[in-house]
Amino acid sequence: MGYGNVSERLKQPPQVGVSVVILALDPDSEHGRLWLPLVRRVRQPFLGCWALPGGDIRADRTLAQSAYEALESTTDLHPSYLEQLHAFGGPDRSHGGLPMVSIVYWALVGQAEAGDFAEADNVRWFPEDELASLDIAFDHREIIAYALDRLRTRIEYPDIAAKLVGPTFTLRQLHGVYEAITGTVLDLPNFRRKMLGSGELEETGEVLREGRHRPAAVYRYVPREDAPARPYAYAISGSRLAELDARVRAIAQRDTADAERGADDLSALTTE
């Protein structure tokens, strides 16, 4: 069904979809850089431009499930943190198409999972500090900036930084995460004192040699019992994220089985 001219299209009820800003830490950078995957558009509008991973919302999916499916369709990496970011629905963002509302999530991927950010199937990873030179579709540049600002406002909490560096880490590795997020060079001795003074890091008893440096103690994040609750109303991590992953995989298996049954039924009807 067509929707006529631009004026008529803008009067239609908006479509609703999800988009995901996926952030990972560069494992090869001394001071750390944030990277994120973008998808090259294969149709108009913005043919050939780069866009955030996304997808439609279905009645049999929660918003979080839809966001997780969009993430998995883009990369094989498994997030350590997923949170609903914001809803974007300005009337000008459709650029003459159907009005579109995007429910945006942001996800953090642990450093050990980041791999080499290889390009595949119209998906490519970009460092955050090189996005200015890209042709980015719709208002996705502003959405990315919003997600990065959210991450930087959360950097005061060690648990958020730990989601990027992995379940165990050295203080130098954690230091690299903070420098990547803030975009500044931080004095390492002062950083060590602040992190150890937070009471939220615990030694694992292991050590790790980092380049030419002497072996460093390995830590894990352990929240204090008296720590105030974090104001993350829509955050999903830990066991809740593992449960979401299991549900999404179960739904995918069910959809595959339904499609195969449908193909078998069609074959039976068309075979003499």
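Residues numbered from 1 in each chain as written. Predicted model: local features only at pLDDT ≥ 70, side-chain atom pairs only at ≥ 80, totals over all residues. Heavy atoms only, no water.

Participant: Describe the overall build of the protein chain, naming the residues involved and giving the relevant values.
Facilitator: Across its full length, the protein chain holds 7 helices and 11 strands. Within the span of the protein chain, comprising 272 residues, buried residues form 41% of the whole. Across the protein chain, the fraction of contacts at a sequence separation of at least 24, relative to all contacts at a separation of at least 6, is 67%. Only carbon and sulfur atoms are counted for the fraction: they give 50% of the accessible area of the protein chain, which is about 15,100 Å². (Helix = DSSP H or I, 4+ residues; strand = E, 2+ residues; numbered from the N terminus. Buried < 20%, exposed > 50% of the residue type's maximum accessible area, 1.4 Å probe, protein only. Contact = heavy atoms within 4.5 Å. Areas by Shrake-Rupley, 256 points an atom, 1.4 Å probe, with all protein chains shown as cover.)

Participant: Tell me what's going on with the layout of surface pockets, and back it up with residues and numbers.
Facilitator: To find the voids left in a structure, one rolls a probe of water-molecule size over its atoms. In this structure, the largest pocket encloses a volume near 840 Å³. Contributing to the lining of the largest pocket are 30 residues, with Arg41, Arg43, Gly54, Met100 and Phe138 lying nearest its centre. Going through the elements one at a time, strand 1 (15-25), strand 2 (34-40), strand 4 (54-56), helix 2 (63-74) and strand 6 (100-109) are the ones with two or more residues in the lining of the largest pocket. Looking at the lining of the largest pocket residue by residue, the classes come out as 12 nonpolar, 12 polar and 6 charged. (1 Å grid on protein atoms, 1.4 Å probe; cavity = no way out; pocket = protein on both sides within 12 Å on 5 of 7 lines; lining within 4 Å. Points joined across faces, edges and corners; volume = space filled by probe spheres on them. Nonpolar A, V, L, I, M, F, W, Y, C, P; charged D, E, K, R; others polar.)

Participant: Describe the pairing of strand 2, listing the residues and the values that go with them.
Facilitator: Each regular strand shows side chains that alternate between the opposite faces of the sheet. For strand 2, a buried count of 5 out of 7 residues is recorded, marking the element as mostly surrounded by other parts of the structure. With 5 bridges joining them, strand 2 and strand 7 (residues 123-127) adopt antiparallel strand pairing. Along strand 7, the bridge assignment pairs Leu38 with Arg124. Judged from the 2 bridges that link them, strand 2 and strand 3 (residues 50-51) form a sheet pairing that is antiparallel. Among the inter-strand pairings, Arg40 is bridged to a residue of strand 3, identified as Trp50. (Pairing = 2+ DSSP bridges.)

Participant: Explain the environment of Tyr219 to me, and be specific about the residues and the numbers.
Facilitator: Mapped onto the secondary structure, Tyr219 falls in strand 10 (residues 216-221). Taking the C-alpha atoms as reference points, Tyr219 and Leu174, 45 residues apart in sequence, are found 9.6 Å from one another. If we skip the residues at most four places from it in the chain, Tyr219 touches Pro167, Thr168, Phe169, Leu171, Leu196, Leu201, Glu202, Glu203 and Thr204.

Participant: Just give me the short version of the side chain of Asp139, but keep the residues and values in it.
Facilitator: The topology assignment puts Asp139 in the loop between strand 7 and helix 3 (140-153). The exposure class of Asp139 is buried, given its relative accessible area of 16%. A distance of 2.8 Å separates a polar atom in the side chain of Asp139 from a polar atom in the side chain of Arg93. Excluding residues within four positions of it along the chain, Asp139 makes contact with Phe88 and Arg93. (Polar contact = N/O pair within 3.5 Å; in protein donor to acceptor, adjacent residues only side chain to side chain.)

Participant: Talk me through helix 2; I want residue IDs and the actual numbers.
Facilitator: Taking 1.5 Å of rise per residue, 12 residues should cover 16 Å, and helix 2 covers 17 Å from first to last C-alpha, within 8% of that figure. Within the sequence span of helix 2, burial applies to Ala64, Gln65, Ser66, Ala67, Tyr68, Ala70, Leu71 and Thr74. (Expected span 1.5 Å × (residues − 1).)

Participant: Report on unusual backbone geometry, specifying residues and quantitative values.
Facilitator: In this structure, the amide linkage connecting Gln44 to the following residue, Pro45, adopts the cis form with an omega of -5 degrees. Relative to the assigned elements, Pro45 resides in the loop between strand 2 and strand 3. A positive phi angle, near 65 degrees, is found at Asn122, a position not held by glycine. By the element assignment, Asn122 lies in the loop between strand 6 and strand 7. Judged by relative accessible area, which is 36%, Asn122 ranks as partly exposed. One non-glycine residue, Phe138, lies in positive phi territory at about 50 degrees. Here Phe138 is to be found in the loop between strand 7 and helix 3.

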